[in-house]
Amino acid sequence: MQHTVVERELELKLILSPERSIPVPARLSYRSDDPYAVHITFHINSEYPVNWTFARDLLVEGVFRPCGHGDVRAWPTKVGGRSVVLMALSSPDGDALLEAPTPQVSAWLERTLRAVPPGSEGGQLGIDDALDQLLAQ
């Protein structure tokens, strides 16, 4: 079975304070063999990139309305007339508030939704086939 990978490089902003932010190159990545998750890799000035993984549903919803709780929250807003998605990430290492341009995030999410439509994720994992075989015995 051929797996689909949908990736997009884009520049996010790490919000340091209401007045200050720094650009952070990032890669959005989605794999059809891990159909419920999205991966974001941040290339911060460190030896190793920082990886975050969370539910695709959360990011899809976060484009339209506030959602999430705990480690990952996302919500839409406007900054200087531009539509952006804010993502608040919390880990034992610290917290980060990132701003992503909504049009680019939406376009990438649409590509992931075409690759694996919502509701069909289980089929990508072969769970349905495995259950069929199990129940047929």
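A brief look at the structure comes next.

Rules used in this analysis
- Residues numbered from 1 in each chain as written.
- Predicted model: local features only at pLDDT ≥ 70, side-chain atom pairs only at ≥ 80, totals over all residues.
- Heavy atoms only, no water.
- Helix = DSSP H or I, 4+ residues; strand = E, 2+ residues; numbered from the N terminus.
- Buried < 20%, exposed > 50% of the residue type's maximum accessible area, 1.4 Å probe, protein only.
- Contact = heavy atoms within 4.5 Å.
- Areas by Shrake-Rupley, 256 points an atom, 1.4 Å probe, with all protein chains shown as cover.
- Lys, Arg positive; Asp, Glu negative; His and termini not counted.
- Charge placed at Lys NZ, Arg CZ, Asp CG, Glu CD.
- Pairing = 2+ DSSP bridges.
- Axes fitted to C-alpha atoms, helices over the stretch in contact; angles between N-to-C directions.
- Expected span 1.5 Å × (residues − 1).
- Arc of directions from axis to C-beta.

Digging into the overall build of the protein
Counting its regular elements, the protein contains four helices and eight strands. Counting helices and strands in the order they occur from the N terminus, the protein gives β-β-β-β-α-β-β-β-β-α-α-α. Dimensions of the protein, computed from the C-alpha atoms along their principal axes, are close to 65 × 35 × 25 Å. Counting across all 137 residues of the protein, residues that qualify as buried make up 34%. A fraction of 36% describes how many contacts in the protein between residues 6 or more apart in sequence connect residues 24 or more apart. Counting only carbon and sulfur atoms, one obtains 53% of the accessible surface of the protein, whose full area is about 8300 Å². Mean positive and mean negative side-chain charge positions of the protein (12 and 18 charges, respectively) differ by 10 Å.

Observations concerning the sheet that holds strand β7 (residues 82-91)
Read from one edge of the open sheet, eight strands run β4-β3-β2-β1-β8-β7-β6-β5, paired in antiparallel fashion. Among the strands making up the open sheet, the edge pair consists of β4 (50-55) and β5 (67-69). Taking each pair of neighbouring strands and ignoring which way they run, the sheet shows an average axis angle of 35 degrees. Relative to strand β8 (residues 94-101), β7 is paired through eight bridges, and the arrangement is antiparallel. Bridge pairing links M87 to L98 in β8. Running over the sheet, helix α2 (residues 102-115) touches β1 (5-15), β2 (21-31), β3 (37-42), β7 and β8 and is turned about 155 degrees from β1.

Let's talk about α2
Taking 1.5 Å as the rise per residue, α2 with 14 residues should run 20 Å; its terminal C-alpha atoms sit 20 Å apart, in good agreement. Of the positions making up α2, those classed as buried are T102, V105, S106, W108, L109 and T112. Summarising the axial view, the buried residues of α2 lie within an arc of 165 degrees, below the 170-degree limit, and thus occupy one face. Relative to its buried face, α2 has exposed residues pointing more than 90 degrees away, namely P103 and R114. At its buried positions, α2 is contacted by β1, β2, β3, α1 (56-62), β7 and β8.

Here's the deal with the pairing of β8
Alignment of β1 against β8, held across two bridges, turns out to be antiparallel. Its bridge partner being in β8, K13 is matched across the sheet by E99.

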